Amino acid sequence: MIKFEINGKPTALDVDPNAPLLWVVREVVGLTGSKFGCGMGLCGACTMHLNGEPVRTCVLPVSAANNQRITTIEGIADGETLHPVQQAWVDENVPQCGYCQSGQIMSALALLEKNTNPSDKDIQAAMAGNICRCGTYPRIEKAIKRVINNKQSLQQSSLKESPINTSASSSNNANGVEIYEPAKREVPNEAGTAVKATGEAM
Ligand code: FES
Ligand code: FES
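Please read these numbers as outputs of a predicted model, since none were measured by experiment. (Residues numbered from 1 in each chain as written. Chains lettered and ligands numbered in written order. Predicted model: local features only at pLDDT ≥ 70, side-chain atom pairs only at ≥ 80, totals over all residues. Heavy atoms only, no water.)

K.L.:
Just to check I follow, could you spell out the sheet that holds strand S2 (residues 9-13) for this structure?
P.N.:
Within a sheet, adjacent strands bond to each other through the backbone by hydrogen bonds, running parallel or antiparallel. Read from one edge to the other, the open sheet built from five strands follows the order S2-S1-S5-S3-S4, with strand pairing classed as mixed. Every other strand in the sheet has two partners, leaving S2 and strand S4 (53-56) as the edge strands with one partner each. Ignoring strand direction, the axes of neighbouring strands in this sheet form an average angle of 40 degrees. Here two bridges tie strand S3 (residues 47-50) to strand S5 (residues 69-71), and the two strands are oriented antiparallel to one another. Bridged to His49 within S5 is Thr71. Those strands touched by helix H3 (residues 101-114) are S3, S4 and S5, and its axis lies near 35 degrees from that of S3. (Pairing = 2+ DSSP bridges. Helix = DSSP H or I, 4+ residues; strand = E, 2+ residues; numbered from the N terminus. Axes fitted to C-alpha atoms, helices over the stretch in contact; angles between N-to-C directions. Contact = heavy atoms within 4.5 Å.)

K.L.:
How do you make sense of the nonpolar core when you look at a structure like this?
P.N.:
Most often, soluble globular proteins have nonpolar side chains that are buried together. With 22 residues, the main nonpolar core has Phe4, Leu21 and Ile70 as its most contacted residues. When residues of this core are traced back to their parent elements, those giving at least two are strand S1 (2-6), helix H1 (21-29) and S3. Take this core: its biggest share by element is six residues, from H1. One finds Ile76, Ala108, Leu112 and Ile148 within the second-largest nonpolar core, a separate group that totals 19 residues. (Core = buried A, V, L, I, M, F, W, Y, C linked by side-chain atoms within 4.5 Å. Buried < 20%, exposed > 50% of the residue type's maximum accessible area, 1.4 Å probe, protein only.)

K.L.:
Help me understand the environment of Pro10, please; the structure alone is not making it clear to me.
P.N.:
Inspection of the secondary structure puts Pro10 in strand S2. Separated by 58 residues in sequence, Pro10 and Gln68 have C-alpha atoms that sit 9.9 Å apart.

K.L.:
How should I be thinking about the side chain of Thr57 in this particular structure?
P.N.:
With respect to the helices and strands, the residue Thr57 is situated in the loop between S4 and S5. Assessed through its relative accessible area of 0%, Thr57 is described here as buried. Excluding residues that lie within four positions of it along the chain, Thr57 makes contacts with Pro20, Leu21, Leu22, Cys46 and Met48.

All quantities given are derived from atomic positions and should not be read as evidence of function.
Next comes the structure, spelled out in structure tokens:
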């Protein structure tokens, strides 16, 4: 049994400990905002946060997330209110096909939570591992700088650290998977229309 907290929800799953975290989150938990691109840790499409750090989940065994805290693109908004980083993506019309954008946002968010005033060099270093085949890099940079210019809203909306709670009541789903407060299967909080359309289709 693998236990973790995902987007603030304690979850326990009977899965192969060697299965990639991306596969477990997409296919078992049902959160499909994080994408499969290269499967080799090279493109960043699968980026989630593990205890606040960006990780390539296509090459991370789910066992590495046992008793850890995971955040996905679905977990960063506040209800219907987009996170300031997501809102900046919308305001700058960043996505083209949208496929890479959840990973781009999670990498940008990890940077901005550590450094609210990164230099151009800091931004390039933090985002270097996220590939966009549509070439939206200039708009990504503009969106990050939009957030930097509105630091206060980022600080107000920063993700709060929360303790892992594995004492919540549990239930079993139709597949016999034990889930504490099962995660929603819809993907309500991606950055923009194009991302949503791609996410729903995958
Ligand atoms: S799909 Fe994980 S880095 Fe490309
Ligand atoms: S791959 Fe980045 S928007 Fe299409």
